[in-house]
Amino acid sequence: MYDVVALGELLIDFTPDGLSEKGNILFERNPGGAPANVLAVLSKFGKKTAFIGKVGHDQFGYFLEETLRNNRIESSGLVFAENVNTTLAFVHLKEDGDRSFSFYGKPGADLMLEENEVNYDLIRKGRVFHFGSVSLTGEPFRTATMKAVKFAKQQGLLISYDPNLREPLWDSLDEAKVIISEGLHYADVLKVSEEELHFLTDSMDLDEGTKWISDKYGISVIFVTLGNKGCFYRLRGDVGSIPAYRVKAIDATGAGDAFFGSILFHLLENYMKLEQLTILDIEKFVQFANAAGALTTMRKGAIPAIPNLEQVKLFMMTGYLETSNQ
């Protein structure tokens, strides 16, 4: 059995890492992709995980397969594309650690996963199925993703969804809104950013926007990440917010995934039955997830920056990041 099975993109993040002697920006190769980042969090926290996706038959693809194995993520669901290269993303960092992306693929190998290449046996053995919206940006991966989500739902898995909007990957934002919203029909647990909530609901009000999603799609547990402002949450009819930890952010890549992975970790550790959750539970989960997300921003890269369980606990107690225990 696997605690969490995730399907989606696995790619290379090229992260700025100083300047050359000639003053040109140097980029460091880092493994990334939101669903894989979430699994890396859970694996570092001691959970059993498995990944389903596609990479190129190239040095980047081999590196990503090795990354999964090094992070104790089951990689038998990883497929290698023969004629398409691994997707690359160049990260552009701002002074506050926030970032934007330039993607090189169109299509990259991740979008070429076909429905008959999905390892349904891994899904059948899972407790939670996790997916995002990047795999919905094009075919054949869009169809493969929705078939996998429906299969997971039929098998009784808890479905977690991250409508991870990456505007450059969509031909039309109107199309993006329709297709991303389709995933909401299957979600049990949802994480969105403040910008994504506005995009999906046309509401700038966190209470109003999350209520609209909860009422329309029947999602009882919703988290809205607010960057350095923390997190707003909805549990059925109750709402609240937890402030962020104050840190010197270097790179926000993967912080939301560290947050969501931490939430899933606590659900696996405690209940899994969402109707049993209380506000006190949610606030405890969010405080921990905020700490994990904050720590992730203090290093560059996504998967390489993810803290382990002991580091998060120490940070919550002392505000100190122990760097020697990876």
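Just above sits the structure.
All of these numbers come straight from a predicted model, not from anything done at the bench.

(A) Geometry of the overall build of the protein. The number of helices and strands found in the protein is 10 helices and 13 strands. In terms of C-alpha radius of gyration, the protein reaches 18 Å, essentially the compact-globule figure of 20 Å for 326 residues. By principal-axis analysis of the C-alpha atoms, the protein measures approximately 55 × 45 × 40 Å. In the protein, which comprises 326 residues, the proportion classed as buried is 59%.

(B) Region of the structure containing the layout of surface pockets. In this model, the second largest pocket occupies a volume close to 210 Å³. If you trace the second largest pocket, you find 16 residues lining it, with Lys 106, Pro 107, Leu 111, Thr 137 and Leu 169 closest to the centre. Along the lines of polarity and charge, the residues of the lining of the second largest pocket split into 7 nonpolar, 5 polar and 4 charged.

(C) Region of the structure containing helix H1 (residues 34-44). Taken across its 11 residues, H1 has 10 buried, putting it largely inside the fold. Among the residues of H1, Ala 34, Pro 35, Ala 36, Asn 37, Val 38, Leu 39, Ala 40, Val 41, Leu 42 and Ser 43 are the ones counted as buried. Turning to H1, the residues buried within the fold contact strand E1 (2-7), strand E3 (25-32), strand E4 (49-56), strand E5 (73-81), strand E8 (126-132) and helix H8 (255-270). Where H1 terminates, the next one or two residues include Gly 46, which has phi positive at roughly 95°.

(D) Fine view of the sheet that holds strand E13 (residues 238-242). In space, the 9 strands of this open sheet follow the order E5-E4-E1-E8-E9-E10-E11-E12-E13, with mixed pairing throughout. Unpaired on one side and paired on the other, E5 and E13 mark the two borders of the sheet. Going from strand to strand, the sheet's axes swing by 20° on average, the running direction of each strand aside. Where strand E9 (residues 158-162) and strand E10 (residues 189-193) come together, 2 bridges link them in parallel fashion. Within E10, the position partnered with Tyr 161 by the bridge is Leu 190. Across the sheet, helix H6 (residues 194-201) lies against E9, E10 and strand E11 (221-225), angled at about 105° from E10, the strand it touches most.

Each value, and the rule that gives it
- Residues numbered from 1 in each chain as written.
- Predicted model: local features only at pLDDT ≥ 70, side-chain atom pairs only at ≥ 80, totals over all residues.
- Heavy atoms only, no water.
- Helix = DSSP H or I, 4+ residues; strand = E, 2+ residues; numbered from the N terminus.
- Rg over C-alpha atoms; globule rule 2.2 N^0.38 Å.
- Buried < 20%, exposed > 50% of the residue type's maximum accessible area, 1.4 Å probe, protein only.
- 1 Å grid on protein atoms, 1.4 Å probe; cavity = no way out; pocket = protein on both sides within 12 Å on 5 of 7 lines; lining within 4 Å.
- Points joined across faces, edges and corners; volume = space filled by probe spheres on them.
- Nonpolar A, V, L, I, M, F, W, Y, C, P; charged D, E, K, R; others polar.
- Contact = heavy atoms within 4.5 Å.
- Pairing = 2+ DSSP bridges.
- Axes fitted to C-alpha atoms, helices over the stretch in contact; angles between N-to-C directions.

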